[in-house]
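# A look at the structure
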Amino acid sequence: MKNHLAKIILISNLISLFAGCVQQAPTGNTTTPTSNASAPQDLRLATTTSTCDTGLLDVLNKKFEDENNIKVLVACKGTGESIAIGELGAADVVMVHAVQLEKKAVANGSFINRSYLMYNYFVIIGPQNDPAGIRNASNATDAFRRIAAKQSPIISRGDNSGTDIMEKSIWKAANITTAGTWYQSVGKGMAETITTADIDKGYTLSDRGTYLAMKNKIQLKLLFESDQKYLFNPYHVMAVNPAKFPNVKYDLAMKYINYVIGPQGQDIIRNYGKDKFGEALFVPEEDAGNVTSP
C-alpha cells in the first residue's frame, strides 16, 4: 500500500514537473500563428543531471526541436530516479549512465532499443592542498582509502545517481564502510554537490563534464582521474517500451534516439565545450573506437 501510494505521488509530481517544462508564449507584439502552423508535439525525456548541468542537453535539444516541431520536456534527475520515471511509464525516453541499472530495467521489460551515446570519465576533485594525498594514489580505491584514513571531508551525492552508484562501488571495492562526520551524503545533483564540496573544502566524485563546466566558479581542483576500471562513465539512451506502456510516444522517442546517436547529434557532442573549455566534455560513441560500453 505504501509503495502504491509512493508511486501515485511520484507520478503526480512528474506530471507537474513535465507540465512546468512547457514554455509560456511571450507577451507583447507577437505574430499570430497561421492556421496552417501545427503545435509542436511533446516528448518527455528523463535524464541524469550531468547532461543538464553541462549545458549539452540544451544544445542537443534545440536543434532537434527546431527541425522536428517537437518540444522536449526534460526532467533532470539522478540516473536512478530517471530510470524509475521510465519504469512508471511517465517518460518516453531516458538518457542515463548506470550500466547495471539500465540492464536490469531492460531485462524487466521497461525499456527497449538501449543505445550507446557517449562517454567521459569520473574524476575525484578536492582542495588544492590535497590533505589526503590522493594525487599519488595508484587507483580509485587507493584514493578513497587515503581519504578515509585521513578522515578528510568527502561529499557524496547520495541520490542513487550514476555517480552515486559508482562511488558506492569504489567504497565497496576498497572494503571501507563510510561512517563518521567526515562523510556527508547530501542527496543533491552534481552541480549542487560540487558547490557543497567547494564550500566545505572537501573531496567529491564528479563526472568530468560537470567539473569542467564549473571549474572556473570553484576552488576545487581535479586531483585524480586515471582509473579505467572504476572511472569509465558511459551514457546510454533508451526508449520506454510501448508494449508495456501503450500511451508512451514511442515513435517520437525513436526519432530522438536516432538523432542523438546519428551524425547530427554525435557532431554536437564531439564539439560541445571546445570553445569554452578547450576540450569537449564528452566523447561521442562514433569516436569511441576500442572504448566499448557494457
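Computed from a prediction, not measured in an experiment: that's the story for all the values here.

Here is what the cut-offs are and how they apply
- Residues numbered from 1 in each chain as written.
- Predicted model: local features only at pLDDT ≥ 70, side-chain atom pairs only at ≥ 80, totals over all residues.
- Heavy atoms only, no water.
- Salt bridge = Lys/Arg side-chain N within 4 Å of Asp/Glu carboxyl O.
- Helix = DSSP H or I, 4+ residues; strand = E, 2+ residues; numbered from the N terminus.
- Buried < 20%, exposed > 50% of the residue type's maximum accessible area, 1.4 Å probe, protein only.
- 1 Å grid on protein atoms, 1.4 Å probe; cavity = no way out; pocket = protein on both sides within 12 Å on 5 of 7 lines; lining within 4 Å.
- Points joined across faces, edges and corners; volume = space filled by probe spheres on them.
- Nonpolar A, V, L, I, M, F, W, Y, C, P; charged D, E, K, R; others polar.
- Axes fitted to C-alpha atoms, helices over the stretch in contact; angles between N-to-C directions.
- Parallel < 35°, antiparallel > 145°, perpendicular 65-115°, else oblique.
- Contact = heavy atoms within 4.5 Å.
- Expected span 1.5 Å × (residues − 1).
- Left-handed = near helix turned anticlockwise from the far one by under 90°.
- Core = buried A, V, L, I, M, F, W, Y, C linked by side-chain atoms within 4.5 Å.
- Phe/Tyr/Trp six-rings, centres within 6.5 Å; stacked < 30°, edge-to-face > 60°.

Right, let's get into the pattern of salt bridges. Applying the stated rule across the entire model yields 14 salt bridges. Notably, a salt bridge pairs Arg208 with Glu225, separated by 2.4 Å at the nearest N-O pair. Residue Arg208 is found in helix H9 (residues 208-214), and its partner Glu225 is found in the loop between strand E8 (221-224) and helix H10 (228-231); the two are separated by 17 residues along the sequence. Residue class for Glu225 comes out partly exposed when judged on its relative accessible area of 37%. One continuous salt-bridge network, built from bridges that share partners, spans Asp267, Arg270, Glu286 and Asp287.

Below, the discussion takes up the layout of surface pockets. Considered as a void within the structure, the second largest pocket measures approximately 360 Å³ in volume. Contributing to the lining of the second largest pocket are 17 residues, with Ala98, Val99, Gln100, Met166 and Phe232 lying nearest its centre. Contributions of two or more residues to the lining of the second largest pocket are made by helix H5 (99-107), helix H7 (162-173), H10 and strand E9 (232-240). By residue number, the principal contributor to the lining of the second largest pocket is H7, which donates four residues. Of the residues in the lining of the second largest pocket, the class split is 10 nonpolar, six polar and one charged.

This next bit is on the packing of helix H4 (residues 79-87) against H5. It is at 10 Å that the axes of H4 and H5 come closest, and there the two elements cross at 10°. Considering their axes alone, H4 and H5 lie roughly parallel with respect to each other. Along its contact with H4, which presents Gly80, Ile83 and Glu87, the element H5 presents Leu101, Glu102 and Ala105. Across the contact of H4 with H5, the residue classes break down as three nonpolar, one polar and two charged.

A word on H7. In this model, H7 (12 residues) spans 17 Å end to end at C-alpha, consistent with the 16 Å of a helix rising 1.5 Å per residue. Along H7, the positions that sit buried rather than exposed are Gly162, Thr163, Asp164, Met166, Glu167, Ile170 and Trp171. With its phi angle positive at about 60°, Asn175 sits one or two positions after the end of H7.

What follows covers the packing of helix H3 (residues 56-68) against helix H12 (residues 263-271). Where H3 contacts H12, the axes come no closer than 10 Å and their chain directions differ by 155°. Judged by the angle between their axes, H3 and H12 are roughly antiparallel. By crossing handedness, the relation of H3 to H12 is classed as right-handed. Between H3 and H12, the residues in contact are Leu56, Val59, Leu60, Lys63 and Glu67 and Gln264, Gly265, Ile268 and Ile269, respectively. Across the contact of H3 with H12, the residue classes break down as five nonpolar, two polar and two charged.

Right, let's get into the nonpolar core. Grouped together as the largest cluster of nonpolar side chains are 43 residues, with contacts concentrated most on Leu43, Leu45, Leu56, Val93 and Tyr256. By residue number, the principal contributor to this core is helix H11 (residues 250-260), which donates seven residues. Here Val93 is in contact with Leu43, Arg44, Leu45, Ala46, Val237, Met238, Ala239, Val240, Ala253, Tyr256 and Ile257, once residues within four sequence places are set aside. Ala132, Ala137, Ala143 and Ala148 belong to the second-largest nonpolar core, a separate cluster that totals 22 residues.

What follows deals with the packing of aromatic side chains. Each pair of aromatic rings is reported with the distance of its centres and the angle of its planes. According to the stated counting rule, one finds 11 aromatic pairs in the structure shown. Here Trp171 and Tyr183 contribute two aromatic rings whose centre-to-centre distance is 6.0 Å and whose plane-to-plane angle is 80°, an arrangement assigned as edge-to-face. Here Trp171 is found in helix H7, whereas its partner Tyr183 is found in strand E6 (residues 183-185), with 12 residues between them in sequence. A relative accessible area of 3% means that Trp171 is categorised as buried. For Tyr183, a relative accessible area of 16% corresponds to the buried category. Relative to Phe282, the ring of Tyr235 has its centre 5.4 Å away and its plane inclined at 90°; by these criteria the two rings are edge-to-face. Of the two residues, Tyr235 sits in strand E9 while Phe282 sits in the loop between helix H13 (274-277) and strand E10 (283-284), which places them 47 residues apart along the sequence. Here the two residues Tyr235 and Phe282 agree in accessibility, since each one is buried.

Let's shift gears to the environment of Ala174. Assignment of secondary structure puts Ala174 in the loop between H7 and E6. In this structure Ala174 comes out as buried when scored by relative accessible area, which is 5%. With 33 residues separating them in the primary sequence, Ala174 and Thr141 have C-alpha atoms 5.0 Å apart. Setting aside its immediate chain neighbours within four residues, Ala174 contacts Thr141 and Arg145.

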